Amino acid sequence: MEKISFIGCGNMGYAIAKALSTDPNWEITLYSPNEQKTKEKALALSVKAEDDITKAIKSADYIVLAVKPQILPSLYETLRLWGKDKTFISIAAGISLATLEDALATKKVIRYMPNLAASEKASVTAITYSEELDEALKTKAYQIASAFGSAFYLPESQFKAFIGISGSAIAYVFEFLHALALGGTKAGIAYPTSLAIATDTLNSAVALEKASKANPIELMSKVCSAGGTTIDGIEALAEGKFDSTVINAVMAAVNKNILLEKAQEKK
Ligand SMILES: NC(=O)c1ccc[n+]([C@@H]2O[C@H](COP(=O)([O-])OP(=O)(O)OC[C@H]3O[C@@H](n4cnc5c(N)ncnc54)[C@H](OP(=O)(O)O)[C@@H]3O)[C@@H](O)[C@H]2O)c1
C-alpha cells in the first residue's frame, strides 16, 4: 500500500484524489484548513481526512501540493521540516522546479500540469522533473499521472506551450463546441440536441484521428468531396481566420503564463 497526501483539496486536488481513490493500492489523506469541508470530501471518496498538516505530511510517501500558487510559499517551511525523504508533486502553476527544489531542500520534486477532467480519469497531464530525479521516481511520476488520464513528459521550458495547447485550451474546446451547437440551433436544431450532436461529432473526429494515425489535413480532405458542402464550410472558417485565431489564443495563454511566472518568481 502506498501513501499519498493532498495538501489542498479544492477543484484540482479533489479531482486527482477522486481518480486515485478507485485504486485500492493507494492510502489517500486529504488536508486543507477547512476541517469540516475536508471531512465531507474525504467521506465522499472513502479516504482519510487529516486536520493537522504535519501529520498529513509525515504519514505519506508522496505529497501533492494542490494549493494556489500564492499560498504555497507560506507552506515551504512546514513542508521542508516534516517532509524530509518525501516525494513532492506540485500542481501549482508558475512555480518552477528550481524554486521548489530550493524551497523544499530536496531533488525529489515532480511538477504536473493536469486539468479538471482528472476527476473522470481523462486529464491530459504534462510532467516534468529534474534529470537528477531517481529513475524509479521518474517511472512513478508517469504511473501516477496516467492513473487520472494521459501523461506527457515535457522539459519544463515547454510547460507554457503545454498550457497554451492543453491546460487553457480545454476551455477553447468548450467554446468551439458551444459555437458549433449555436450553428446547429441557427439551422433549426434546438440547442440541447445540437450540443449533444456537436459533442459526439468531436468524439467521432478524435476517435478517427487516433485510430487512423492520419494527420488532420488528410482526414479533412477525405470529408471534403469536390464541389460538396464541406469545402464551403472550410472556406468560411478560413475567411474567419480560424487557424490564426486559434494560434493567437494559444499564444495569448503562453504569454500570460510567462508574465505570471515572472511575477511568481519575484516573490
Ligand atoms: N483548477 C484547475 O483547472 C487547475 C489546473 C491545473 C493546475 N491547477 C493548480 O492547482 C492548484 C489548486 O488550484 P484549485 O483550482 O484546485 O484551487 P482551489 O479550488 O482554490 O483549492 C485550493 C485548496 O487549497 C486549500 N488551502 C488554502 N490555503 C491553504 C493552506 N494554507 N494550507 C493548505 N491548504 C490550503 C484550500 O482549502 P480550503 O477550501 O479549506 O480553503 C483548497 O482545498 C493551483 O496551484 C493551480 O495552479 C489548477
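A brief report on the enclosed structure follows. (Residues numbered from 1 in each chain as written. Predicted model: local features only at pLDDT ≥ 70, side-chain atom pairs only at ≥ 80, totals over all residues. Heavy atoms only, no water.)

**As for the nonpolar core**
Test applied: Joining through side-chain atoms within 4.5 Å is the link that ties buried Ala, Val, Leu, Ile, Met, Phe, Trp, Tyr and Cys residues into a set, and such a set is a nonpolar core. Only protein chains enter the accessibility calculation, which uses a 1.4 Å probe; a residue whose area is less than 20% of its type maximum is buried, one above 50% is exposed, and one in between is partly exposed. Put simply, DSSP marks the helices as runs of H or I at least four residues long and the strands as runs of E at least two long, and each gets a number from the N terminus on. Whether two residues are in contact is decided by their heavy atoms: any pair within 4.5 Å suffices.
Counting 32 residues, the largest nonpolar core has Phe6, Leu20, Ile28, Tyr112 and Phe148 as its most contacted members. Elements that contribute at least two residues to this core include exactly β1 (2-7), α1 (11-20), β2 (26-31), α2 (35-45), β4 (62-65), β6 (109-113), β7 (123-129) and α6 (135-146). Broken down by element, this core gets its largest block of residues, six residues, from α1. The residues touching Leu20, leaving out its near neighbours within four places in the chain, are Ile4, Phe6, Trp26, Ile28, Ile144, Ala147 and Phe148.

**Brief notes about the site of the ligand**
Worth spelling out the cut-off: Proximity criterion: a residue is near a molecule or strand once any of its heavy atoms comes within 4 Å of it. In protein, a polar contact means a hydrogen-donor-capable atom and an acceptor-capable atom, both N or O and within 3.5 Å, with residues adjacent in sequence counting only if both atoms are side-chain atoms; elsewhere, any N or O pair within 3.5 Å suffices. Each accessible area value is a Shrake-Rupley result obtained with a 1.4 Å probe; residue values ignore everything except the protein chains displayed when judging cover. Residues were grouped as follows: Ala, Val, Leu, Ile, Met, Phe, Trp, Tyr, Cys and Pro as nonpolar; Asp, Glu, Lys and Arg as charged; and all remaining residues, including Gly, as polar.
If you check the shell around the ligand, you find 23 residues, and the closest are Cys9, Asn11, Met12, Lys37 and Val67. Within the backbone of Asn11, a nitrogen or oxygen atom sits 2.9 Å from an oxygen atom of the ligand. Between the ligand and Met12 there is a distance of 2.8 Å, counted from an oxygen atom to a backbone nitrogen or oxygen. If the ligand stood free it would expose 900 Å²; the protein chains cover 76% of that surface. Here the shell around the ligand is composed, by residue class, of 16 nonpolar, five polar and two charged.

**Some details on the environment of Leu116**
With respect to the helices, strands and loops of the structure, Leu116 is situated in the loop between β6 and β7. Taking C-alpha positions, Leu116 is 29 Å from Glu77, a pair spaced 39 residues apart along the chain. Not counting the four nearest positions on each side in its chain, Leu116 is found in contact with Asn11, Met12 and Ala15.

**Re the sheet that holds β6**
Here is the rule we go by: Being paired, for any two strands, means DSSP has found at least two bridges between them. Inter-axis angles, ranging from 0 to 180 degrees, are taken between N-to-C directions of lines fitted to C-alpha atoms, where helices are fitted over the stretch in contact.
On the basis of which strands lie adjacent, the open sheet formed by eight strands has the order β3-β2-β1-β4-β5-β6-β7-β8 and mixed pairing. Only two strands of the sheet have a single partner each, and these edge strands are β3 (48-49) and β8 (149-153). Pairing of β2 with β3, which is carried by two bridges, proceeds in the parallel orientation. Within β3, the residue paired with Thr29 across the bridge is Lys48. Packing against the sheet, α1 makes contact with β1 and β2, and its axis sits at approximately 160° to β1.

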